Amino acid sequence: MRFKSSLSEIDAQIDKLRERRKFLIVKAGERFARAATKAGLVEMEIDDEELDAICEEIAARFRKGGKGNAASPAPAPDRSGPRAVGAAAKSHDE
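Residues numbered from 1 in each chain as written. Predicted model: local features only at pLDDT ≥ 70, side-chain atom pairs only at ≥ 80, totals over all residues. Heavy atoms only, no water.

Q: Even after reading the chapter, I still don't get the overall build of the chain, so can you show me in this structure?
A: Within the chain, the regular secondary structure consists of three helices and zero strands. In the chain, the succession of helices and strands from N to C terminus is α-α-α. The proportion of buried residues among the 94 residues of the chain is 7%. (Helix = DSSP H or I, 4+ residues; strand = E, 2+ residues; numbered from the N terminus. Buried < 20%, exposed > 50% of the residue type's maximum accessible area, 1.4 Å probe, protein only.)

Q: Can you walk me through the packing of aromatic side chains in this structure?
A: Geometrically, a pair of aromatic rings is defined through the distance of the ring centres and the angle of the planes. Tallied over the entire structure, the rule returns zero aromatic pairs. The residue whose ring lies beneath Arg31 is Phe32, and the NZ or CZ to ring-centre distance is 5.8 Å. (Phe/Tyr/Trp six-rings, centres within 6.5 Å; stacked < 30°, edge-to-face > 60°. Lys NZ or Arg CZ within 6 Å of the ring centre and 35° of its normal.)

Q: Help me out: how do you make sense of a negative patch on the surface in this one?
A: On the surface, Asp47, Asp48, Glu49, Asp52 and Glu56 cluster together to form a negatively charged patch. Residue position: Glu56 is located in helix H2 (residues 48-65). Given the relative accessible area of 56%, Glu56 is considered exposed. (Patch = residues over 30% accessible without salt bridge, like charges linked within 9 Å, V, L, I, M, F, W, Y side chains within 5 Å. Areas by Shrake-Rupley, 256 points an atom, 1.4 Å probe, with all protein chains shown as cover. Salt bridge = Lys/Arg side-chain N within 4 Å of Asp/Glu carboxyl O. Lys, Arg positive; Asp, Glu negative; His and termini not counted. Charge placed at Lys NZ, Arg CZ, Asp CG, Glu CD.)

Structure follows, in structure tokens:
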């Protein structure tokens, strides 16, 4: 009978790990949502494809050179237009 109890223990550990994984995913999402809100991104009209590309560029920059390596920054796409980045970011910092 020890075999069944061992399987039950393993199943319980798997369930705990799944719950822990869900928790970590939610916390990571909240972290990025706070950063996006603080930067004023939530007030900008950015389509999903463009936002995905921007996030991929940021991730690539950090993968290549560690945290914020200024030696090899990723090229920034042209953001000229009706979007007011500075004004939106300042309104959230107050």
